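As a plain string of letters, each chain reads:
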Amino acid sequence: VIYRMKRTSKELKRIARDILNDRYRVPMAAFAATTLIATVIESPFSFSMGDNPTNMQLVISLIAELLISVVSFVLGCGVAKIHLSMTRGNDFRIRDIFDPFKKNTDRFFIAGFLFLLMIFVSMIPVIGGFTYAVIADFSVVSIVIAAATGILSLILSCYFIGYITLDHPELKCLEVFKECRLLMHGNRLRLLYILLSFIGYGLLVLCSFGIASLWVVPYQTETLVIFYLDCTDELNRIP
């Protein structure tokens with residue numbers, strides 16, 4: 001089955017704003033809670049590194065960062081569940097961020113690990129482009145190549161793994177990735193356009209020292225949820 005998105009980016013973002021209208025509190029709290037949890041877990045490892053960490057400390061820190069990233073992915077699935085429930089008109093609560101830890105937890109952790117591995121693979125082009133830019137002393141051509149490889153990395157990234165893991169508990173992890181590949185067929189450039197449209201909001205987050213992320217991140221997450229539901233044609237069946 002090949003899914004195709006029907007709505008424009010502008011329309012998807014408008015729907016996202018309508019759904020979030022007067023209901024920002026729980027998505028904002030979910031984002032803040034998951035960010036705080038990940039920060040609290042990661043802080044001891046950062047403080048223990050010191051100025052001259054040993055090789056063993058570096059290895060432990062690397063393993064810890066990997067595990068924390070997987071935990072963050074699972075928490076992100078909980079946030080996605082809140083947005084999916086809100087969009088579908090179902091009940092949603094802040095404690096839903098912990099739902100992936102309660103049932104089929106192994107699926108979410110394996111999916112998170114495979115997702116991080118795929119992100120690393122998709123980042124190879126941008127690493128190569130940035131390395132070339134450094135070697136070329138950041139010439140105009142090298143900067144263009146670095147930007148192009150960055151866009152290529154975004155296109156290669158496999159989004160919505162968490163969403164599909166939530167929606168299809170009957171699928172095994174590899175089947176989830178196959179379903180995601182089918183979902184993204186013909187929609188990667190559309191998704192890229194949506195992601196690039198949030199660059200201005202990213203600058204707003206920087207200028208506000210991160211405070212604006214309480215509004216921007218839920219808005220972006222809801223837009224991606226709307227995009228996902230549009231790709232699967234479910235959005236047409238939601239009042």
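Residues numbered from 1 in each chain as written. Predicted model: local features only at pLDDT ≥ 70, side-chain atom pairs only at ≥ 80, totals over all residues. Heavy atoms only, no water.

Caption draft 1: Structural context of the overall build of the protein. Looking only at helices and strands, the protein features 11 helices and 0 strands. For the protein, the sequential pattern of α-helices and β-strands runs α-α-α-α-α-α-α-α-α-α-α. Within the protein, buried positions represent 41% of all 239 residues. Taking the intrachain contacts of the protein between residues at least 6 apart in sequence as the baseline, contacts between residues at least 24 apart amount to 75%. A total accessible area of about 13,600 Å² is found for the protein, and carbon and sulfur atoms account for 68% of it. (Helix = DSSP H or I, 4+ residues; strand = E, 2+ residues; numbered from the N terminus. Buried < 20%, exposed > 50% of the residue type's maximum accessible area, 1.4 Å probe, protein only. Contact = heavy atoms within 4.5 Å. Areas by Shrake-Rupley, 256 points an atom, 1.4 Å probe, with all protein chains shown as cover.)

Caption draft 2: Broad picture of the packing of aromatic side chains. For the coordinates displayed, the defined rule picks out 9 aromatic pairs. The rings of Phe 160, Tyr 163, Phe 227 and Tyr 228 are connected pair by pair, giving a single aromatic cluster. Above the face of the Phe 198 ring, Lys 13 is positioned so that its terminal group lies 4.6 Å from the ring centre. (Phe/Tyr/Trp six-rings, centres within 6.5 Å; stacked < 30°, edge-to-face > 60°. Lys NZ or Arg CZ within 6 Å of the ring centre and 35° of its normal.)

Caption draft 3: Focus on the pattern of salt bridges. In total, this model carries 7 salt bridges according to the counting rule given. Note that Asp 167 and Arg 88 form a salt bridge whose closest N and O atoms lie 2.8 Å from each other. Here Asp 167, found in helix α7 (residues 161–167), pairs with Arg 88, found in helix α3 (residues 55–88); they are 79 residues apart in sequence, far enough to count as distant. What makes Asp 167 partly exposed here is its relative accessible area of 23%. Residue Asp 99 pairs with Lys 102 through a salt bridge whose shortest N-O separation is 3.6 Å. For Asp 99, a relative accessible area of 18% corresponds to the buried category. Counted as one network, the salt bridges with shared partners bring together Glu 11, Arg 14 and Asp 18. (Salt bridge = Lys/Arg side-chain N within 4 Å of Asp/Glu carboxyl O.)

Caption draft 4: Representation of the packing of helix α9 (residues 188–196) against helix α11 (residues 213–231). Packing of α9 against α11 brings their axes to within 11 Å, and their N-to-C directions diverge by 165 degrees. When the interaxial angle is binned, α9 and α11 end up roughly antiparallel. Considering the relative orientation of α9 and α11, their crossing is right-handed. In contact with Arg 190, Leu 191, Ile 194 and Leu 195 of α9, α11 contributes Gln 220, Thr 223, Leu 224 and Phe 227. Here the contact of α9 with α11 is composed, by residue class, of 5 nonpolar, 2 polar and 1 charged. (Axes fitted to C-alpha atoms, helices over the stretch in contact; angles between N-to-C directions. Parallel < 35°, antiparallel > 145°, perpendicular 65-115°, else oblique. Left-handed = near helix turned anticlockwise from the far one by under 90°. Nonpolar A, V, L, I, M, F, W, Y, C, P; charged D, E, K, R; others polar.)

Caption draft 5: Fine view of a nonpolar patch on the surface. A contiguous nonpolar surface patch, about 630 Å² in accessible area, is contributed by Ile 41, Phe 45, Met 56, Val 59, Ile 60, Ile 63 and Leu 67. At the level of elements, α2 (25–49) and α3 are the ones that each hand at least two residues to the nonpolar patch. Sort the elements by how many residues they give to the nonpolar patch and α3 lands first, with 5 residues. Tracing the sequence through the fold places Leu 67 in helix α3. Of the residues examined, Leu 67 reaches a relative accessible area of 53% and is grouped as exposed. (Patch = residues over 30% accessible without salt bridge, like charges linked within 9 Å, V, L, I, M, F, W, Y side chains within 5 Å.)

Caption draft 6: The arrangement of the confidence of the model for the protein in detail. Summing up the model confidence of the protein, the mean pLDDT is 83 and the portion of residues at 70 or higher is 82%. Throughout residues 1–5 the model reports pLDDT below 50, and contacts reaching past four residues in sequence, or to other chains, amount to 19 contacts. (pLDDT = per-residue confidence, 0-100.)

Caption draft 7: View of the packing of helix α1 (residues 9–20) against α11. For the pair α1 and α11, interaxial distance at closest approach is 8 Å and the crossing angle is 120 degrees. It follows that α1 is oblique to α11 by the angle criterion. For the element pair α1 and α11, the recorded crossing hand is right-handed. Contact residues: α1 offers Leu 12, Lys 13, Ile 15, Ala 16, Arg 17, Ile 19 and Leu 20, while α11 offers Pro 218, Tyr 219, Glu 222, Thr 223, Ile 226, Phe 227 and Asp 230. Of the residues that constitute the contact of α1 with α11, the class distribution is 9 nonpolar, 1 polar and 4 charged.

Caption draft 8: Summary view of the nonpolar core. In terms of nonpolar packing, the biggest core is built from 39 residues, with Phe 160, Ile 161 and Tyr 228 touching the most fellow members. Mapped by element, the contributors of at least two residues to this core are α1, α3, α4 (105–122), α7, α8 (173–184), α9 and α11. For this core, the leading source of residues is α11, giving 8 residues. Apart from residues no more than four positions distant in its own chain, Tyr 228 is found in contact with Leu 84, Phe 160, Tyr 163, Ile 164, Asp 167 and Leu 183. (Core = buried A, V, L, I, M, F, W, Y, C linked by side-chain atoms within 4.5 Å.)

Caption draft 9: How the structure looks around α1. When the terminal C-alpha atoms of α1 are compared, their 17 Å separation across 12 residues agrees well with the 16 Å that a helix rising 1.5 Å per residue should span. Phi turns positive one or two residues past the end of α1, at Asp 22, with a value near 65 degrees. (Expected span 1.5 Å × (residues − 1).)

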